[in-house]
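# Architecture and fold: a report
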Amino acid sequence: MILSLTVLEGLAAGTIDLAFRRWSKQNVHPGDVMRLEAGVIEVVSVEIADPATITDADARRSGAESANAVRGTLRGPADAPVYRIGLRHLGPDPRRALSADAELSEKDFEGIRRRLSKMDKRRPWTHETLRLIHDNPGRRAQELADLLGREKDPLKVDIRKLKNLGLTLSLEVGYRISPRGAAYLRLTEDPGRTR
C-alpha cells in the first residue's frame, strides 16, 4: 500500500488515521504492519465503504480537504469496492537508527557478512548491488535493474532485504547506501583486511 509523504507525516503527527482505496482485491488486512521511512504503520481495520457515505470529517482524517476530494482520488475500476482503512503509527522505523550506525565492530561486520553470504548462496548479488547503489544514489529500481541485467521486481525485493539489515535507504525516488552500508563496503573492500 503506497502512502504519500503528506499522509505519512500526518500519521506520525497523529492527525491522520484513515485511508481510502478502490481495489479489485483487498491488498491489506487488519494486523498488517508496514515499515516505511516515516515509521512503522499498522493496519487497524479494513472495511468496504460506499464512497457516497464518506464524510468531510473522514476526509480530513485521511489528509484530504473534503469528501469530494477523496472520491476524486479513487483509482481503479469503477465497479471495484472502496475500502476504508484504519491506520495507526506505531513509532519510528528501527531500521533508521540501525542504518545510521556506521561504527561497525568486528562482531557487527561478521554478522552482516554471514547474513549476506546466506543471501548469496543461490546467486551472488549482494556486493554488486550494494556497490551499484553506493555509486548511483537516487537511481530508480528500473535503472538499477537495467545496469545489473536483472528484472526490476525481484531486484526491489532484494534491495528491501539489504534495507532490513540497515545497509540501504529508500528515497522519494530511488535508493542510496546508508552510513552502515558504506562502512560495511569500506571494510569489505579494504585490501589490507584479511577475510
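So, here's what we can say about the structure. (Residues numbered from 1 in each chain as written. Predicted model: local features only at pLDDT ≥ 70, side-chain atom pairs only at ≥ 80, totals over all residues. Heavy atoms only, no water.)

### A closer look at the side chain of K163
Under the convention used in this document: Working definition: helices are DSSP H or I runs of at least four residues, strands are E runs of at least two. Numbering for both runs from the N terminus. As used in this structure description, the phrase polar contact means that two N or O atoms lie within 3.5 Å; if the pair is within protein, one of them must be able to donate a hydrogen and the other to accept it, and residues adjacent in sequence are counted only when both atoms belong to side chains.
One can find K163 in helix α8 (residues 152-164). Only 3.1 Å separates the side chain of K163 from the side chain of S170, close enough to count as a polar contact.

### Observations concerning helix α9 (residues 179-188)
What counts is decided by this rule: Burial here depends on accessible area, computed with a 1.4 Å probe over protein chains only, as a share of the maximum for the residue type. Under 20% is buried, over 50% is exposed, and the range in between is partly exposed.
For α9, the tally of buried residues reaches 7 of 10 residues, placing the bulk of the element in the interior. By the burial criterion, the buried members of α9 are R180, G181, A182, A183, Y184, L185 and T188.

### A short note on the packing of aromatic side chains
Keep this limit in mind: In summary, the pairing rule links any two rings of Phe, Tyr or Trp, Trp by its six-membered ring, whose centres are within 6.5 Å, and it sorts them by plane angle into stacked for under 30 degrees, edge-to-face for over 60 and tilted for everything else.
As enumerated under the stated definition, the model contains 2 aromatic pairs in all. Each ring, one from W23 and one from Y83, has its centre 5.7 Å from the other, and the planes form 40°; the classification is tilted. One end of the pair, W23, is in the loop between β1 (18-22) and β2 (33-36); the other, Y83, is in strand β4 (residues 82-91), and 60 residues separate them in sequence. Judged by relative accessible area, which is 12%, W23 ranks as buried.

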